[in-house]
Amino acid sequence: MLIKVHSKSTLKENEVTDENTYINRRSLIKKMGFLGAGSLLASATSSSHAGGLDFFSSKEDTVFARKSLAFKKAQPSSEVLTPEKKVISHNNFYEFGTSKSDPINNAQSFKVNPWKLTVSGEVNKPFTLGYDDLFTRYPIEERIYRLRCVEAWSMVVPWLGFSLSNIIKQADPTSKAKYVAFETLDDPEQMPGQRSRRVGGGIDYPYVEGLRMDEAMNPLTLMSVGLYGKTLPPQNGAPIRLVVPWKYGFKSIKSIVGIKLVEKMPPTTWNILAAKEYGFYANVNPAVDHPRWSQASERRITSGGLFARNRIETLPFNGYGEEVAHLYKNMDLRKHF
Amino acid sequence: MGKNRVELPITLIKLLIHLCCLIPLVYVYWQAFNDELGADPVEAVIHFTGIGALNIFLVSLVISPLAKKLKQGKLLHVRRLVGLYAFTYAVFHLLNFLFFEVQFDMSLFVSEIFERPYITVGMIAFIILTALAITSPNVIKKYIGRRWQTLHNFTYLAGAAMVIHFYWSVKSEIIEPLVYITLLAVLLTFRKDRFKRWFK
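Residues numbered from 1 in each chain as written. Chains lettered and ligands numbered in written order. Predicted model: local features only at pLDDT ≥ 70, side-chain atom pairs only at ≥ 80, totals over all residues. Heavy atoms only, no water.

Focus on the overall build of chain A
Filter applied, for reference: A run of H or I in DSSP becomes a helix once it reaches four residues, and a run of E becomes a strand once it reaches two; helices and strands are each numbered from the N terminus. For every residue, the accessible area obtained with a 1.4 Å probe (protein chains only) is divided by the maximum for its type, and the residue is called buried under 20%, exposed over 50%, and partly exposed between those limits. In this description, contact between two residues means that some pair of their heavy atoms is separated by no more than 4.5 Å.
For chain A, the helix and strand inventory stands at 10 helices and 12 strands. Looking at chain A as a whole, 61% of its 337 residues qualify as buried. Here the contacts in chain A between residues at least 6 apart in sequence split such that 73% fall between residues at least 24 apart.

In structure tokens form, the structure reads like this:
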């Protein structure tokens, strides 16, 4: 699907990093910084916020095997894509640790096959999708979406997947179905963050998210099973995740095992944790700041290193207002943030 | 003093401090300039210099209790150097924020300082560290006289502001900042006699 894009955020083609220039981030320097600056003090903690303290976490050598997928290609984007290496190494997926590089380092042996995604709740035809169904039941297309994190950085990602509405239509919702509730896999053995509060950032797992029915049925709302032409790596939410491009990234729940249609607004993980900071709707909105970050602008992660001038204005609904603004016509978005 | 004490090689210790503080800093920036420091070098350098400043600052607070314990008064000669490196890292931390995070958007820079409580306390720490750094040369110390010690007691307030800055900056992963708060508290208990005197 072609998404029209305004040129404000357009970056030059030559700013795309060659994959080969990207080097493994768990580099010697973090260890040196750790030894130099804090060896006396920090041995009790491992990686999280500061990144420089992950000296003690083990490094995995295996790399998760991704498969190529057949899909309908998207129109070329006028926006510079975030290089694949960055898309798969800069992730908020606290089930595998709280620093951005933890998921790629801790998730490579994650098992996605067999998988079971259960569609249930207020539906006439509940059903379950197995691993292979995720890639064969619905036609897979490429969609190039902007991803805006609540932490005020963003990426442009070529996802592969299908509209969530396909699943919902197949389940045949009853008249009571007003919301859709999502749940991530609950597997502490595979997910270190679910085993330990320290690694998992103090979140109550499993991670849960939700959408209003009309949001879920919007054609933009994507169930993604891949990116950059291949199946998803675990750090990006393999084997299947949600992508809601007009909402902050934390709404786009990863590694989903349950989709349940419900009558009442379902609980959502970050809202439970800090209701004043994270609302149910979480629409990208430059006019409403997060207590800790201005949301008026963002840093677009592409390439170019420290001196990349990558701060751009944030657009209402992340630039997808044409497609989704009508969903919120009579709502006060300052109150329903 | 019954036994002969070993003379501390102060010059050598100072050299090691220089190397331990400078080499990682240069190397991190070299990587960041070349886009080899993870997907988001901006976040990486901000976190590295921030946590680095805090680590070095805490090392500076270890020195005087350690000197007392080991009866090595000469160790105090390296305290200023360590403190100045904590300040140096803090300068880089703040400049990272201005240069690379808000990218010279001065109105955003100023509004962020006043509107985000964690940045406000971070700035308080930075202002104190700046005052301490400026008044650290011996000439200025002599010039200021007795009030120098009063000024430099603000070190402890700066420490508190730094750990609060860290604690408030995280989304939910509070354990690491709590470890730092605990470490600071332990280092301050070594000075409880001094604090008691203030309140007499």
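Let's pick the thread back up.
Some remarks on helix H8 (residues 154–169) of chain B
Residues and elements named next belong to chain B. In plain terms, the rule: Here the expected length of a helix is defined as 1.5 Å per residue gap, with one fewer gap than residues.
Taking 1.5 Å of rise per residue, 16 residues should cover 22 Å, and H8 covers 22 Å from first to last C-alpha, within 8% of that figure. The complete set of buried residues in H8 reads Thr-155, Tyr-156, Ala-158, Gly-159, Ala-161, Met-162, Val-163, His-165, Phe-166 and Ser-169. Against helix H2 (41–70), helix H3 (79–101), helix H5 (117–134), helix H7 (147–152), helix H9 (175–189) and helix H10 (192–198) lie the buried residues of H8.

A look at the packing of helix H1 (residues 10–33) of chain B against H2 of chain B
Residues and elements named next belong to chain B. Quick reminder of the rule: A fitted line through C-alpha atoms represents every axis, and for helices the fit uses only the stretch in contact; the resulting angles, taken between N-to-C directions, go from 0 to 180 degrees. Throughout this description, any angle smaller than 35 degrees is read as roughly parallel, any larger than 145 degrees as roughly antiparallel, any in the 65 to 115 degree range as roughly perpendicular, and the remainder as oblique.
Contact geometry for H1 and H2: axes closest at 10 Å, N-to-C directions at 170°. Taken together, the axis directions place H1 and H2 in an arrangement best described as roughly antiparallel. Side by side, H1 and H2 meet where Cys-21, Pro-24, Leu-25, Val-28, Tyr-29 and Ala-32 of the first sit next to Pro-41, Val-45, Phe-48, Thr-49 and Ile-56 of the second.

Things to note about the pattern of salt bridges
Stated formally: Here a salt bridge means any side-chain nitrogen of Lys or Arg lying within 4 Å of a carboxyl oxygen belonging to Asp or Glu.
A full pass over the atoms with the stated rule returns 23 salt bridges over all chains. Put simply, Lys-230 of chain A and Glu-84 of chain A hold a salt bridge, and the shortest N to O gap is 3.8 Å. Residue Lys-230 of chain A is located in strand E8 (residues 230–231), and its partner Glu-84 of chain A is located in helix H2 (residues 84–87); the two are separated by 146 residues in the primary sequence. With a relative accessible area of 28%, Lys-230 of chain A lands in the partly exposed category. Taking the relative accessible area as the measure of exposure, Glu-84 of chain A reaches 11% and is therefore buried. Between Arg-116 of chain B and Glu-115 of chain B there is a salt bridge, and its shortest N-O distance comes to 3.8 Å. Classification of Arg-116 of chain B as buried rests on a relative accessible area of 3%. Through salt bridges with shared partners, a single ionic network connects Glu-79, Arg-146, Arg-148, Glu-298 and Arg-300 of chain A.

Brief notes about the packing of H3 of chain B against H5 of chain B
Residues and elements named next belong to chain B. What counts, and what does not: Handedness of a crossing follows from how the near helix is turned relative to the far one, being left-handed for an anticlockwise turn of less than a right angle and right-handed for a clockwise one. Residues were grouped as follows: Ala, Val, Leu, Ile, Met, Phe, Trp, Tyr, Cys and Pro as nonpolar; Asp, Glu, Lys and Arg as charged; and all remaining residues, including Gly, as polar.
It is the contact of H3 with H5, at a shortest axis distance of 10 Å, that shows an interaxial angle of 135°. Between H3 and H5, the angle falls in the class oblique. In terms of crossing hand, the pair formed by H3 and H5 is left-handed. Contact residues: Leu-84, Phe-87, Ala-90, Val-91, Leu-94 and Phe-97 in H3; Ile-119, Met-123, Phe-126, Leu-129, Thr-130 and Ala-133 in H5. Looking at side-chain class alone, the contact of H3 with H5 contains 11 nonpolar, one polar and no charged residues.

A look at the confidence of the model for chain A
Put simply, the rule is: Per residue, pLDDT measures the predictor's confidence, with a range of 0 to 100.
Chain-level statistics for chain A give a pLDDT mean of 87 and a share of 82% at 70 or above. Long-range and interchain partners of residues 6–58 of chain A, a stretch whose pLDDT sits below 50, account for 111 contacts in this model, where long-range means more than four residues apart.

Here we look at a positive patch on the surface
Residue and element names in this part refer to chain B. Selection criterion: Each patch groups residues whose relative accessible area exceeds 30% and which form no salt bridge, using 9 Å between like charges and 5 Å between nonpolar side chains of Val, Leu, Ile, Met, Phe, Trp and Tyr. Each accessible area is a Shrake-Rupley estimate made with a 1.4 Å probe; only the visible protein chains count as cover when residues are assessed. Think of it this way: Lys and Arg go in the positive column, Asp and Glu in the negative one, and His and the chain ends go nowhere. Every charge is mapped to an atom, namely NZ of Lys, CZ of Arg, CG of Asp or CD of Glu.
Taken together, the side chains of Lys-68, Lys-192, Lys-196, Arg-197 and Lys-200 define a basic patch exposed on the protein surface. For the positive patch, the element with the most residues is H10, which contributes three residues. Tracing the backbone shows Lys-192 in helix H10. Its relative accessible area of 47% is what places Lys-192 among the partly exposed residues.

Focus: the environment of Pro-65 of chain B
All names here are of chain B. With respect to the element layout, Pro-65 can be found in helix H2. According to the relative accessible area criterion, Pro-65 is buried, its value standing at 17%. Sequence separation of Pro-65 and Leu-187 is 122 residues, and the distance between their C-alpha atoms is 8.3 Å. In contact with Pro-65, not counting residues within four places along its chain, are Phe-190 and Arg-191.

Re the nonpolar core
Side chains of nonpolar character tend, in soluble globular proteins, to be buried together. The line we're drawing: Only buried residues count toward a nonpolar core. Its members are Ala, Val, Leu, Ile, Met, Phe, Trp, Tyr and Cys residues joined through side-chain atoms within 4.5 Å.
Of all hydrophobic cores here, the largest spans 141 residues; its most connected members are Leu-164, Ile-167 and Ile-259 of chain A. For this core, the element with the most residues is H2 of chain B, which contributes 13 residues. Among residues more than four places away in sequence, those in contact with Ile-259 of chain A are Leu-117, Thr-118, Val-119, Ser-120, Leu-164, Ile-167, Val-180, Ala-181, Phe-182 and Met-223 of chain A.

A look at the state of the cysteines
Residues and elements named next belong to chain B. Just so we agree on the cut-off: Throughout, disulfides are identified as pairs of cysteine sulfur atoms within 2.5 Å of each other.
Enumeration according to the criterion identifies zero disulfides over all chains in this entry. With no disulfide partner, Cys-21 has as its closest neighbouring cysteine sulfur the one in Cys-20, 6.6 Å distant. Looking at Cys-21, the relative accessible area reads 5%, which means it is buried.

Observations regarding the sheet that holds strand E6 (residues 208–212) of chain A
Residues and elements named next belong to chain A. Filter applied, for reference: Whether two strands pair comes down to DSSP finding at least two bridges between them.
Spatial strand order, E2-E1-E10-E5-E6: five strands in an open sheet with mixed pairing. Edge positions in the open sheet fall to strand E2 (127–130) and E6, since each of these has one partner strand only. Recorded for the sheet is a direction-independent mean angle of 15° between the axes of neighbouring strands. Sheet analysis places strand E1 (residues 116–121) next to E2, joined by four bridges and oriented antiparallel. Looking at the pairing, Leu-117 lines up with Leu-129 of E2. On the sheet, helix H5 (residues 164–171) packs against E1, E2, strand E5 (179–184), E6 and strand E10 (256–262) and is oriented at approximately 140° with respect to E2.

As for the packing of aromatic side chains
All names here are of chain A. Put simply, the rule is: Centres within 6.5 Å make a pair out of two Phe, Tyr or Trp rings, where for Trp the six-membered ring is used; the pair is then stacked when the planes are under 30 degrees apart, edge-to-face when over 60, and tilted otherwise.
Enumeration over the complete set of coordinates arrives at 26 aromatic pairs over all chains. For the ring pair Phe-93 and Phe-96, a centre distance of 5.1 Å and an interplane angle of 80° mean the geometry is edge-to-face. We classify Phe-93 as buried; its relative accessible area is 3%. Ring geometry for Tyr-281 and Tyr-328: centres 6.1 Å apart, planes at 85°, overall edge-to-face. Of this pair, Tyr-281 sits in the loop between helix H9 (269–273) and strand E11 (297–300) while Tyr-328 sits in the segment after helix H10 (321–324), placing them 47 residues apart in sequence. The two residues Tyr-281 and Tyr-328 agree in class, both being buried.

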